[in-house]
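Residue-level listing of the chains:
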Amino acid sequence: MNARPVNPWAALSALCIGFFMILLDTTIVSIAVPAMLQHLDAGLNSVVWVISVYLLTYAVPMLFTSRLGDRFGPKRVFVAGLVVFTASSLWCGLSGNVEMLIAARAVQGLGAALMTPQTLAFISHLFPPAKRGAAMGAWGGVAGLATITGPLLGGVLVQHLGWEWIFYVNVPIGVVAIALTLWLVPDWQPKHSHSFDLIGILLSAAGLFCVVFGVQNGQQYDWGTVFGGITVFEIIGASVVLLIAFVLWQHYNRREPLVPLQVFANRNFSAGTLTATTVGFTMTGMFLPLIIYIQTVLGLSPTMAGLLTAPMSLLSGVIAPFVGRASDKINGKYLVMGGLALLAAGVGIIALQARPDTSPWALIPALLVCGLGVGCIFSPMSNLTMASVEPRLTGTASGIFNTAHQVGGVLGSAAIGVLLQARISASITSEAATAAAKLPEQYRAPFTEGIAHAAASTGEFGSSGGPASIPGLPADIAAQAGRLASEVVHNGLTDAARATLILPIAVLILGVLSAAALRRVSPRPHTPAPTAPTPEPAR
């Protein structure tokens, strides 16, 4: 067989198909939340776990899977992840209850964790520094497009085929990605022999699981006892202890720690990693209150809700490659800071505009501002963060950087989920007390109790805009009570969504401050892309 130069762009295109698929699944579930609440007979907390468990099993193993790429070759690990992800997507679609779906999503996250670190490692390997900005621009375009395309594609699939198809759609895409990766991507072997820090893996996994479990389930257990006398705050406290132990172990582990702490001596890497965490928090967290508001309060179908966000998706995908090229010529930190500020401004405008009677299309300008911000963030942030990392630490740094982004997503999902549940319960209960005054006195207590029960479960509203039933009311005032209940739910959900959106705005401000610490990087010498055997032509 004849050797031929590897086409870096062809290899990147194959990798981006798989990367697009895994990032799509971080947001596509959000659009299906109302449908899952109805068809799986599950509460909001359980459905939020469908999102969180994927992000958790995606984030935790990534430091370990980046080492697998260094030892066995990024291509082989990437293909293995594609197989796991594609098979578990089929399992997700076949799940008949929320518990089975959560288990399948956990496996799906493991597949994503195998794939993601290999993409950035390949970009650093295939492209010289002078051209890496354009490659990062393409990668960032895929990341931004996938992150926001989820609601659009998910809306069409949920409305016309059912929620299961947000997972089934991954199967043919995964098969195509596997074939193209085997054909176009070189079998690069870094030949770095690594030991595996099992203690570090266990400490980090246990610490992150405890903090997510404690934060996300706090509202469900009324911030009290979970089981066996163990409280929510004790679980959160245990997570702090475990994560401190993890950092100390990384410091004293003289063999090969999971996270070489010396990589954080690089100012750009530290600042970029913190910035990535804030972006992951926001991009995951903002969609849950937004989608519930758009579908349940404004009454849009899943397809129309997806179409509402389509301009944001399109704008971010279009401008990201241009921003990537621009980051080769100007200091990319200003692009990142501007993007974060625009995203925060867009979310803030949405929060200010949100009312029960707001026209959905009035939200489009704010969504476009969000899309412009997203398009400016990913490629220069990734380029500045990774460009100054020593070549021997590229694989590990890629894993840490991607893990930070996903950990941000995990924390965003958990924090936004619990805040939204708390605000729904408080807002609807308050609205119910006000609305009950319009009913005869003897019916006020049954009305408020029925509303309070639905608010406590935060899963009985579905997409109908009101609780399934209000027990104890006679038929002659049922119509009046129904109208009042609908107003209560719409007003309460709107107030809850507006209050919840303040949290990602605050986190984005932190991101702007961390991005300000980024510095422009001088190009490093680059080793050209290797040659690979020419595959037999297809005939």
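Quick caveat: nothing in here was measured; it's all calculated off a predicted structure.

A. A look at the overall build of the protein. Broken down by element type, the protein carries 20 helices and 4 strands. Going through the 539 residues of the protein one by one, you find that 59% of them count as buried. Within the protein, counting contacts between residues at least 6 apart in sequence, those at least 24 apart form 85% of the total. Accessible surface, the protein as shown: approximately 20,500 Å² in total, 67% of it carbon and sulfur.

B. Examining the packing of helix α1 (residues 8-27) against helix α3 (residues 44-59) more closely. Interhelical geometry of α1 versus α3 gives an angle of 140 degrees and a closest axis separation of 9 Å. Comparing the axis directions of α1 and α3 gives the class oblique. Between α1 and α3 lies a crossing of left-handed hand. On α3, the residues that touch Ile22, Leu23, Asp25 and Thr26 of α1 are Tyr54, Leu55 and Tyr58. For the contact of α1 with α3, a count of residues per class yields 5 nonpolar, 1 polar and 1 charged.

C. Inspection of the side chain of Thr57 at higher detail. Examined against the element boundaries, Thr57 turns out to sit in helix α3. Judged by relative accessible area, which is 17%, Thr57 ranks as buried. Among the polar contacts made by the side chain of Thr57, one reaches the main-chain carbonyl oxygen of Ala106 at a distance of 2.8 Å.

D. The arrangement of the packing of α3 against helix α10 (residues 198-217) in detail. It is at 11 Å that the axes of α3 and α10 come closest, and there the two elements cross at 160 degrees. One element, α3, and the other, α10, form an angle in the roughly antiparallel class. Considering how the two elements wind past one another, α3 and α10 form a crossing that is right-handed. Contacts between α3 and α10 pair Asn45, Val48, Trp49, Ser52 and Leu56 from the former with Leu208, Phe209, Val212, Phe213, Gln216 and Asn217 from the latter. Among the residues making up the contact of α3 with α10, the classes are represented as 7 nonpolar, 4 polar and no charged.

E. The arrangement of the packing of aromatic side chains in detail. Applying the stated criterion to the full structure yields 8 aromatic pairs. Note on Tyr54 and Phe85: the rings are 6.5 Å apart at their centroids and 70 degrees apart in plane angle, and the pair reads as edge-to-face. One end of the pair, Tyr54, is in helix α3; the other, Phe85, is in helix α5 (residues 74-94), with 31 residues separating them in the sequence. By way of ring pairs, the aromatic residues Trp49, Phe209 and Phe213 are connected into one cluster.

F. Quick peek at the environment of Gly207. With respect to the helices and strands, the residue Gly207 is situated in helix α10. Measuring from C-alpha to C-alpha, the distance between Gly207 and Ile236 comes to 8.7 Å, with 29 residues separating the pair along the chain. Not counting residues up to four positions away in its chain, the partners in contact with Gly207 are Ser239, Leu242 and Leu243.

G. Spatial organisation of a nonpolar patch on the surface. Taken together, the side chains of Val240, Ile244, Leu248 and Tyr252 define a hydrophobic patch exposed on the protein surface, amounting to about 420 Å² of accessible area. Here Ile244 shows up in helix α11 (residues 232-252). On the accessibility criterion, Ile244 (48% relative accessible area) is partly exposed.

H. Main features of the environment of Val211. As for its position among the elements, Val211 is in helix α10. Residues Val211 and Leu243, spaced 32 residues apart in sequence, show a C-alpha to C-alpha distance of 9.6 Å. Residues within four places of Val211 in sequence aside, it is in contact with Ser239 and Leu411.

I. Geometry of helix α9 (residues 170-184). Here α9 is 15 residues long and its end C-alpha atoms lie 20 Å apart, about the 21 Å a rise of 1.5 Å per residue gives. Along α9, the residues that are buried comprise Asn170, Gly174, Ala177, Ile178, Thr181 and Leu184. With its buried residues spanning 160 degrees around the axis, α9 presents them on a single face. Structurally, α9 contributes buried residues whose contacts are with α1, α5, α6 (98-126) and α8 (165-168).

J. Seen up close, helix α16 (residues 364-387). For α16, which comprises 24 residues, the first-to-last C-alpha distance of 36 Å matches the rise-based estimate of 34 Å (1.5 Å per residue) to within 8%. By the criterion of burial, α16 is predominantly enclosed, with 19 of the 24 residues buried.

K. Up close: the nonpolar core. Residues Met36, Ile166, Leu343 and Phe447 are the most contacted members of the largest nonpolar core, which totals 152 residues. Discounting chain neighbours no more than four positions away, the residues touching Met36 are Val29, Asp41, Ala42, Val47, Leu101, Trp163, Ile166 and Phe167.

L. Main features of the environment of Val279. Turning to its location among the elements, Val279 is positioned in helix α12 (residues 267-285). A residue is classified by how much of its surface remains accessible, and Val279, at 0% relative accessible area, is buried. Each C-alpha atom of the pair Val279 and Leu343 lies 9.6 Å from the other, and the pair is 64 residues apart in sequence. Not counting chain neighbours up to four residues away, the residues in contact with Val279 comprise Leu340, Ile377, Phe378, Met381 and His405.

M. Spatial organisation of the confidence of the model for the protein. Overall, the predicted model of the protein reaches an average pLDDT of 81, with 89% of residues at or above 70. Taken element by element, the predicted model of the protein shows its lowest mean pLDDT in strand β4 (residues 531-533) (33) and its highest in helix α20 (residues 502-515) (94). A low-confidence stretch, residues 458-468 (pLDDT under 50), is modelled with 34 contacts involving residues beyond four sequence positions or located in other chains. Contacts for the low-pLDDT stretch residues 526-539, under 50 throughout, to residues beyond four places or in other chains number 30 contacts.

N. Seen up close, the side chain of Ser52. Note on placement: Ser52 falls in helix α3. Judged by relative accessible area, Ser52 falls into the buried class, the value being 0%. Polar contacts involving the side chain of Ser52 include one to the side chain of Ser413, which spans 2.7 Å. Discounting residues that sit within four places of it in the chain, Ser52 has contacts with Gln216, Ser413 and Ala414.

Calculation notes
- Residues numbered from 1 in each chain as written.
- Predicted model: local features only at pLDDT ≥ 70, side-chain atom pairs only at ≥ 80, totals over all residues.
- Heavy atoms only, no water.
- Helix = DSSP H or I, 4+ residues; strand = E, 2+ residues; numbered from the N terminus.
- Buried < 20%, exposed > 50% of the residue type's maximum accessible area, 1.4 Å probe, protein only.
- Contact = heavy atoms within 4.5 Å.
- Areas by Shrake-Rupley, 256 points an atom, 1.4 Å probe, with all protein chains shown as cover.
- Axes fitted to C-alpha atoms, helices over the stretch in contact; angles between N-to-C directions.
- Parallel < 35°, antiparallel > 145°, perpendicular 65-115°, else oblique.
- Left-handed = near helix turned anticlockwise from the far one by under 90°.
- Nonpolar A, V, L, I, M, F, W, Y, C, P; charged D, E, K, R; others polar.
- Polar contact = N/O pair within 3.5 Å; in protein donor to acceptor, adjacent residues only side chain to side chain.
- Phe/Tyr/Trp six-rings, centres within 6.5 Å; stacked < 30°, edge-to-face > 60°.
- Patch = residues over 30% accessible without salt bridge, like charges linked within 9 Å, V, L, I, M, F, W, Y side chains within 5 Å.
- Salt bridge = Lys/Arg side-chain N within 4 Å of Asp/Glu carboxyl O.
- Expected span 1.5 Å × (residues − 1).
- Arc of directions from axis to C-beta.
- Core = buried A, V, L, I, M, F, W, Y, C linked by side-chain atoms within 4.5 Å.
- pLDDT = per-residue confidence, 0-100.

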